[in-house]
Amino acid sequence: MFRSFFKNRQWFLWAWVGSVVILWVTWYKVQLDVEINEWFGSFYDTIQKALSEPGSVTTEEYMAELATFFWIAALYVAIAVVLDFFTKHFIFRWRTAMNNYYMSHWKLVRHIEGASQRVQEDTMRFARIMESLGVSFMRSVMTLIAFLPLLWELSKNVTELPWIGPVEHSLVYVAILSAASGTVLLAIVGIRLPGLEFNNQKVEAAYRKELVYGEDSEDRADPPSVNELFGHVRKNYFRLFFHYLYFDVARWSYLQATVLVPYVALAPTIVSGAITLGVMQQIVRAFNRVESSFQYLVNAWTTIVELISVYKRLRAFEEHIWEHERTGVTPDAMPAE
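Per an unreviewed UniProt entry, the protein chain is named Peptide/bleomycin uptake transporter, and its organism is Roseibium denhamense. Annotation of the protein chain in UniProt includes, under Subcellular location (unreviewed entry), the sentence "Cell membrane".

Okay, here's the thing in structure tokens:
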């Protein structure tokens, strides 16, 4: 899954130079987000001044603030579109490298149950998931690098925390505690999901295989066999639905509750009038960026579960190839995993 792309000279430019390009452009996007955060502080201070002192802000000054946001946002959108386009090509090249590697060893693995599905569908899903998780992970790390020092500095404006009292750089600790508690909660609640997703792939593969055989042979895919195999599919899906039910309850309850966390933490500071509206907006946005970055596992958990199931199937697939490379002997057929 990895060496076919990152250790192959044919794909050197895409694998390594492409990775550097994606990292650099992602970092630049984060810097633009920091500029937008600073703009919110200036813009809301302008609004507060205009509302509290009529006539103190001219229409030209107000429109100039909006124009500043427009140019920053326009650059952000352009870069985001180009980056997304380039990343899709990067990921498809990765899938191509995997496909070429597996097909070059097709004679060794063609006997494995679901071999065609693993080469076609699982490589496609692996590439798609890696695009989603990889880009979001890089963005989370870079957002932390950019916004954590900013939140650390802005926390100097926070006088104290409710029920606790004065704490230096308190909002950083609140963000870390909030994200960590959610990550632990969902890891415990969703502990059974990876295994169920993996089982789901097994029963789906068995059902699909029987249907494929039925296309060429009248003796296969008879009603009793199909009903039995689809019964396994239905049973596993219903179990999966049930476990996702309470997982989603925990996940969405946690995410909705965290919306109020920065406002609760800022309560004594806001009530005392120690900060302006613009500074409050800067703090809340920076807090949300830091907290959401720490919440990477929370937001990506369902996708990670799917990736684990795909990885396990491809890993078992590759073990046949590695066994042949080590011993020179073609391994016996192995049931689908």
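So, next bit.
Visitor: Where do I start with the packing of helix H2 (residues 12–52) against helix H11 (residues 277–294) in this structure?
Guide: Each pair of packed helices gets described by two things: the angle between the helix axes and the distance between those axes. Contact geometry for H2 and H11: axes closest at 6 Å, N-to-C directions at 155°. Judged by the angle between their axes, H2 and H11 are roughly antiparallel. Crossing hand, H2 versus H11: right-handed. Taking contact as the criterion, the partners of Asp33, Ile36, Asn37, Glu38, Phe40, Gly41, Tyr44, Asp45 and Gln48 in H2 are, on H11, Leu277, Gly278, Val279, Gln281, Gln282, Arg285, Ala286 and Arg289. For the contact of H2 with H11, the class distribution of residues is six nonpolar, six polar and five charged.

Visitor: What's the story with the UniProt feature "transmembrane region" (unreviewed entry) in the protein chain in this structure? I'm lost.
Guide: Summarizing the sequence annotation, UniProt attributes the feature "transmembrane region" (unreviewed entry) to residues 12–30, 66–86, 133–152, 172–193 and 260–280 in the numbering used throughout. With 100% helix and 0% strand, residues 12–30 has its two end C-alpha atoms placed 27 Å apart.

Visitor: Could you clarify how one ought to interpret the pattern of salt bridges in this entry?
Guide: As a working rule, side chains carrying opposite charge can pair if their charged atoms are close by. Counting across every chain of the model gives three salt bridges. Of the charged contacts in the structure, one is a salt bridge between Asp33 and Arg285, with a shortest N-O distance of 3.6 Å. A residue pair is termed long-range when its members are at least 10 positions apart, and Asp33 in helix H2 and Arg285 in helix H11 qualify at 252 residues. Judged by relative accessible area, Asp33 falls into the buried class, the value being 12%. The closest approach of N and O atoms between Lys88 and Asp84, which form a salt bridge, is 2.8 Å. With Lys88 and Asp84 both in helix H3 (residues 59–104) and four residues apart, this pair spans about one turn of that helix. Taking relative accessible area as the criterion, Asp84 reaches 37% and is therefore assigned partly exposed.

Visitor: It is not clear to me how the nonpolar core should be interpreted in this structure. Could you clarify?
Guide: Nonpolar side chains in soluble globular proteins tend to be buried together. Counting residues in hydrophobic clusters, the biggest one holds 35 residues, and the most contacted among them are Phe5, Trp94, Phe126 and Leu133. Put simply, the parts of the chain that give this core at least two residues each are H2, H3, helix H5 (115–154) and helix H12 (296–327). Sorting elements by how many residues they give to this core places H3 first, with 10 residues. Beyond its immediate sequence surroundings of up to four residues, Phe5 is in contact with Trp11, Trp14, Ala15, Phe90, Arg93, Trp94 and Ala97.

So, how was this worked out
Residues numbered from 1 in each chain as written. Predicted model: local features only at pLDDT ≥ 70, side-chain atom pairs only at ≥ 80, totals over all residues. Heavy atoms only, no water. UniProt positions renumbered as here; feature names shortened; annotations may be inferred. Axes fitted to C-alpha atoms, helices over the stretch in contact; angles between N-to-C directions. Helix = DSSP H or I, 4+ residues; strand = E, 2+ residues; numbered from the N terminus. Parallel < 35°, antiparallel > 145°, perpendicular 65-115°, else oblique. Left-handed = near helix turned anticlockwise from the far one by under 90°. Contact = heavy atoms within 4.5 Å. Nonpolar A, V, L, I, M, F, W, Y, C, P; charged D, E, K, R; others polar. Salt bridge = Lys/Arg side-chain N within 4 Å of Asp/Glu carboxyl O. Buried < 20%, exposed > 50% of the residue type's maximum accessible area, 1.4 Å probe, protein only. Core = buried A, V, L, I, M, F, W, Y, C linked by side-chain atoms within 4.5 Å.

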